[in-house]
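Architecture at a glance
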Amino acid sequence: MKGFGTVVTGTLVCGTINTGEEVAILPGRTISRVRGMQVHNQSVNIAESGQRTAINLQGVEKTTIERGNVLTRPGTFEPTQRLDVFFDYLHANDKKMKNRALVRFHTGTTEVMARLILPDRDEIEPGEKAYAQLFLAAPAVVMAGTVSSSGAIRR
């Protein structure tokens, strides 16, 4: 917003955030401070989990922030390119998925291509479940328990 600096919007997934608090923007590791906040067009000093929030960031150019970036307390999360997952291959799929298949991985508003590694088999049938690894093409920030086990990955 012209004259206000950089403003980011999103839903606060967990915890609280306070005006004046230091925050990290991941995966780029930019550090900033919360200049001000709004929840439903009302200025607030504290935002809580579940609230749709607009946050005015101090000293950050809008070109350094992209859709899917995550705002967090510094040191809370680390971006990663490798995930251990329990993969639920939906019944609705009409063919087997082969080991090392290329898939789209979604978390929050981030979408990244990934390689699905099935460590103990060559393929998985629709309706089957298995432990797997995802090797992401770019770093992402993922919080345990936030990825749907009933369809987060689908060709």
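Located above this text is the structure these notes cover.
The following paragraphs examine the structure supplied in this document.

Cut-offs applied
Residues numbered from 1 in each chain as written. Predicted model: local features only at pLDDT ≥ 70, side-chain atom pairs only at ≥ 80, totals over all residues. Heavy atoms only, no water. Phe/Tyr/Trp six-rings, centres within 6.5 Å; stacked < 30°, edge-to-face > 60°. Buried < 20%, exposed > 50% of the residue type's maximum accessible area, 1.4 Å probe, protein only. Pairing = 2+ DSSP bridges. Helix = DSSP H or I, 4+ residues; strand = E, 2+ residues; numbered from the N terminus. Axes fitted to C-alpha atoms, helices over the stretch in contact; angles between N-to-C directions. Core = buried A, V, L, I, M, F, W, Y, C linked by side-chain atoms within 4.5 Å. Salt bridge = Lys/Arg side-chain N within 4 Å of Asp/Glu carboxyl O.

A look at the packing of aromatic side chains
- This structure, assessed with the given rule, holds 2 aromatic pairs.
- Ring centres of F87 and Y89 lie 5.7 Å apart, and the angle between their planes is 25°; this geometry places the pair in the stacked category. Pair check on accessibility: F87 and Y89 agree, each one buried.

So, the sheet that holds strand β11 (residues 102–107)
- Overall, antiparallel pairing links the 4 strands, which are arranged β9-β14-β12-β11 in an open sheet. The open sheet has two edge strands, β9 (80–88) and β11, and neither has a second partner. Within this sheet the neighbouring strands show an average axis-to-axis angle of 40°, counted without direction.
- Sheet topology note: the β9/strand β14 (residues 129–140) ladder contains 8 bridges and is antiparallel. Counterpart to F86 in the pairing with β14 is Y131.

Quick notes on the nonpolar core
- If you look at the biggest cluster of nonpolar residues, it comprises 18 residues, and the most contacted ones within it are F87, M97, F105, L116, I124, L134 and L136.
- Secondary-structure elements contributing two or more residues to this core are β9, β11, β12 (110–117) and β14.
- By residue number, the principal contributor to this core is β14, which donates 5 residues.
- By size, the runner-up hydrophobic cluster in this structure holds 12 residues, among which are V8, I17, V34 and A47.

Some details on the pairing of β14
- Where β12 meets β14, 4 bridges bridge the pair, whose relative direction is antiparallel. When the sheet's bridge partners are listed, R115 is paired in β14 with F135.

Looking at the pattern of salt bridges
- Applying the stated criterion to the full structure yields 9 salt bridges.
- We note a salt bridge from E125 to K96, for which the minimum N-O separation is 3.5 Å. Taken as a pair, E125 in the loop between β13 (123–124) and β14 and K96 in the loop between β9 and β10 (97–98) lie far apart in primary sequence, 29 residues in all.
- In this structure E125 comes out as partly exposed when scored by relative accessible area, which is 32%.
- Look at K96 and you get partly exposed, because its relative accessible area is 38%.
- Residue R121 pairs with D120 through a salt bridge whose shortest N-O separation is 3.5 Å.

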